[in-house]
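What follows is each chain in one-letter form.
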Amino acid sequence: RAPQHLVGHGREAFKIDEYQLAAKKYELACEAYTTQGNPGMAAEMANNRSVSLLKAGDFNGAYQAALNTDQVFVGIGDIRRQAIALSNQASAMEN
């Protein structure tokens with residue numbers, strides 16, 4: 001499936017509080033972007049998955065989803081998304 005299609009489904013699921021479903025859609029989008037050779041978008045989808053899992057109460061899963069994504073953003077020179085990734089990791093660790 002096209003990752004954009006999966007991202008749209010993830011957003012819709014998140015909007016209606018279906019966080020586990022959203023997390024699954026973002027995981028599939030992450031895999032699709034990885035296959036396409038787009039590490040920045042793959043890492044962004046991993047962070048979206050992290051937020052979804054956090055909202056679902058899966059704190060360890062949320063942490064694991066975001067782990068090391070900050071380094072992907074360092075590698076592509078995206079400081080803003082690096083900061084967001086670190087924040088997502090910290091949020092998961094707080095719980």
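Structural data are supplied above this passage.
Here's what I pulled together on the structure shown here. Source: prediction; values computed, not measured.

With that settled, consider the pattern of salt bridges. What the rule picks out here adds up to 4 salt bridges. E12 is the salt-bridge partner of K15, the closest N and O atoms lying 3.6 Å from each other. With K15 and E12 both in helix α1 (residues 3–15) and 3 residues apart, the pair spans about one turn of that helix. For R81, the salt bridge identified is with E44, shortest N-O distance 2.4 Å. Pair noted here: R81 is in helix α6 (residues 79–94) and E44 is in helix α3 (residues 39–56), with a separation of 37 residues, a long-range link.

A word on the environment of E27. Looking at the secondary structure, you find E27 in helix α2 (residues 19–35). Residues E27 and N60 lie 33 residues apart in sequence; the distance between their C-alpha atoms is 15 Å.

The subject of this paragraph is the nonpolar core. Counting 11 residues, the largest nonpolar core is built from L6, V7, A13, A22, Y26, A29, C30, Y33, A42, M45 and A46. Put simply, the parts of the chain that give this core at least two residues each are α1, α2 and α3. Among the elements that make up this core, the one with the highest residue count is α2 (5 residues). The next biggest cluster of nonpolar side chains, apart from the first, holds 5 residues, and it includes A23, L53, A62 and A65.

The rules behind each value
Residues numbered from 1 in each chain as written. Predicted model: local features only at pLDDT ≥ 70, side-chain atom pairs only at ≥ 80, totals over all residues. Heavy atoms only, no water. Salt bridge = Lys/Arg side-chain N within 4 Å of Asp/Glu carboxyl O. Helix = DSSP H or I, 4+ residues; strand = E, 2+ residues; numbered from the N terminus. Core = buried A, V, L, I, M, F, W, Y, C linked by side-chain atoms within 4.5 Å. Buried < 20%, exposed > 50% of the residue type's maximum accessible area, 1.4 Å probe, protein only.

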